[in-house]
Amino acid sequence: MRLFVIGANGRTGTEIIDLARMRGHEITAFVRSPQKLAAATSVRVVQGDPRRSESIVAALPGHDAVLSAIGPPPREAFRPSTLVADCARATVEAMAVTGVTRLAIVSAAILFPEKGLYFAFFRWLTKHHARDLLAMESIVKSTGLAWTIARPPRLTKSADASFRALRDGLPPGSRAMSFRSVAAFMLDAVELRSHVAEIVGLGAAS
Ligand SMILES: NC(=O)c1ccc[n+]([C@@H]2O[C@H](COP(=O)([O-])OP(=O)(O)OC[C@H]3O[C@@H](n4cnc5c(N)ncnc54)[C@H](OP(=O)(O)O)[C@@H]3O)[C@@H](O)[C@H]2O)c1
């Protein structure tokens, strides 16, 4: 498939690129900072601004799917921001213009109404980011696109790419999983055209 990856040099984005290359896809890495992306053959790197639809439109025609893993830098994660929603708005506008219809996008498990101190603490800690993610989800859901929203828990670096996926809920006991597993879920979803128009809670496989 011809895949267009937004946020390609982030922690989730680099795992998407790596797995997509291993699976033999043609990849466009759309990034604002190409110098951060390790050189890789079979990846076309395009510099652009994911908050501007014109910037995306210039590079998007001809792709089969968009995978998006935008997030604020750590120092900005606890402040009010509209970054993720702004990028989603630009992405869906660009998709409408170019006729690309498949979108897989990363959100977060904090949006599930899980009970208990653990979730209450993280919801409080990330309340500004959660508001941005909720706005992003609402933009994505209001389109006629074939979207999939992934809501993973806390992410860690690991070579494990296994996952559990549950529509509209967090898999039981899900607290953390790897960036690579989120990438595997997103790639599976676009390859198999599964989880269309679904919000999917993710967890580690065991
Ligand atoms: N990390 C976790 O534990 C976790 C858990 C659950 C859900 N999530 C969700 O997963 C998503 C991705 O997380 P991540 O940890 O993979 O993120 P990350 O490593 O911080 O990467 C974020 C990506 O967004 C890009 N970006 C940030 N600000 C930008 C801006 N102003 N303009 C253009 N691009 C910008 C970055 O590009 P540059 O490199 O150019 O800055 C990078 O490619 C987030 O939305 C987060 O809510 C993360």
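Bear in mind that the values here come from a model prediction, so they are computed numbers and not experimental data. (Residues numbered from 1 in each chain as written. Predicted model: local features only at pLDDT ≥ 70, side-chain atom pairs only at ≥ 80, totals over all residues. Heavy atoms only, no water.)

> So what's going on with the packing of helix 3 (residues 83-98) against helix 5 (residues 127-141)? Which residues, and what values?
Running from amino to carboxyl end, helix 3 crosses helix 5 at an angle of 15 degrees, the nearest separation of the two axes being 7 Å. Here helix 3 is positioned roughly parallel relative to helix 5, judged by the angle of their axes. Along this stretch, helix 3 crosses helix 5, giving a crossing that reads as right-handed. Across from Leu83, Val84, Ala85, Ala88, Arg89 and Val92 in helix 3, the residues of helix 5 making contact are His129, Asp132, Leu133, Ala135, Met136, Ile139 and Val140. Residues of the contact of helix 3 with helix 5, tallied by class, amount to ten nonpolar, one polar and two charged. (Axes fitted to C-alpha atoms, helices over the stretch in contact; angles between N-to-C directions. Helix = DSSP H or I, 4+ residues; strand = E, 2+ residues; numbered from the N terminus. Parallel < 35°, antiparallel > 145°, perpendicular 65-115°, else oblique. Left-handed = near helix turned anticlockwise from the far one by under 90°. Contact = heavy atoms within 4.5 Å. Nonpolar A, V, L, I, M, F, W, Y, C, P; charged D, E, K, R; others polar.)

> Please provide a residue-by-residue account of the packing of helix 1 (residues 11-22) against helix 6 (residues 179-192), values included.
The contact between helix 1 and helix 6 brings their axes to 8 Å, and the two run at 55 degrees. Between helix 1 and helix 6, the angle is such that the two are oblique. The way helix 1 lies across helix 6 gives a crossing that is right-handed. Side by side, helix 1 and helix 6 meet where Arg11, Thr12, Glu15, Ile16, Asp18, Leu19, Ala20 and Met22 of the first sit next to Phe179, Arg180, Val182, Ala183, Ala184, Met186 and Leu187 of the second.

> Describe the nonpolar core, listing the residues and the values that go with them.
Ranked by internal contacts, the top residues of the largest apolar core, which has 36 residues, are Phe4, Ile56, Leu60, Val66 and Val140. The greatest single-element share of this core, amounting to eight residues, is contributed by helix 3. Setting aside anything within four residues of it in sequence, one finds isoleucine 56 in contact with Phe4, Ile6, Phe30, Asp49, Pro50, Ala90, Thr91 and Ala94. Of all hydrophobic cores here, the second largest spans 29 residues; its members include Ala20, Ala69, Phe185 and Leu187. (Core = buried A, V, L, I, M, F, W, Y, C linked by side-chain atoms within 4.5 Å. Buried < 20%, exposed > 50% of the residue type's maximum accessible area, 1.4 Å probe, protein only.)

> Give a description of the side chain of arginine 102 that names residues and reports values.
By the secondary structure assignment, arginine 102 is in strand 5 (residues 102-106). One buried charged residue, arginine 102, forms no salt bridge at all, with the nearest opposite charge on glutamate 198 at 8.5 Å. For arginine 102, the side chain forms a polar contact with the side chain of threonine 148, separated by 3.0 Å. One polar contact links the side chain of arginine 102 to the main-chain carbonyl oxygen of serine 194, over a distance of 2.9 Å. Not counting chain neighbours up to four residues away, the residues in contact with arginine 102 comprise Asp64, Ala65, Val66, Met95, Ala146, Trp147, Thr148, Ala189, Val190, Arg193, Ser194 and Val196. (Lys, Arg positive; Asp, Glu negative; His and termini not counted. Salt bridge = Lys/Arg side-chain N within 4 Å of Asp/Glu carboxyl O. Polar contact = N/O pair within 3.5 Å; in protein donor to acceptor, adjacent residues only side chain to side chain.)

> I'd love a proper account of a nonpolar patch on the surface, names of residues and values included.
Together, Phe78, Phe121, Trp124 and Leu125 give the surface a local cluster of nonpolar side chains, amounting to about 440 Å² of exposed area. With respect to the helices and strands, the residue leucine 125 is situated in helix 4 (residues 117-125). Under the relative-accessibility criterion, leucine 125 is labelled partly exposed at 31%. (Patch = residues over 30% accessible without salt bridge, like charges linked within 9 Å, V, L, I, M, F, W, Y side chains within 5 Å. Areas by Shrake-Rupley, 256 points an atom, 1.4 Å probe, with all protein chains shown as cover.)

> Describe helix 6, and please don't skip the residues or the numbers.
For an α-helix, the turn length of 3.6 residues means that residues three or four places apart are oriented alike. End to end, helix 6 covers 20 Å across 14 residues, agreeing with the expected 20 Å (1.5 Å per residue, within 8%). Most of helix 6 is tucked away, with eleven of its 14 residues classed as buried. Residues of helix 6 that are buried include every one of Phe179, Arg180, Ser181, Val182, Ala183, Ala184, Phe185, Met186, Leu187, Ala189 and Val190, and no others. The first or second residue beyond helix 6 is arginine 193, which carries a positive phi of 50 degrees. (Expected span 1.5 Å × (residues − 1).)

> Provide a residue-level description of unusual backbone geometry, including the pertinent values.
Phi at histidine 195 is positive, roughly 55 degrees, even though this residue is not glycine. Along the chain, histidine 195 turns up in the loop between helix 6 and strand 10 (198-203). Its identity is not glycine, yet alanine 197 carries a phi of approximately 60 degrees, on the positive side. Structurally, alanine 197 is set in the loop between helix 6 and strand 10.

> Any chance you could break down the site of the ligand for me, citing the residues and the numbers?
Taken together, the neighbourhood of the ligand is formed by 25 residues, with Asn9, Thr12, Ser33, Ile70 and His129 sitting nearest. Residue asparagine 9 places a side-chain N or O atom 2.5 Å away from an oxygen atom belonging to the ligand. Between histidine 129 and the ligand, the recorded distance is 2.5 Å, taken from a side-chain N or O atom to an oxygen atom. Its free accessible area being 890 Å², the ligand has 87% of it covered by the protein chains. Broken down by secondary-structure element, the contributors of at least two residues to the shell around the ligand are helix 1, helix 5 and strand 7 (154-156). Looking at the shell around the ligand residue by residue, the classes come out as twelve nonpolar, eight polar and five charged. (Near = heavy atom within 4 Å.)

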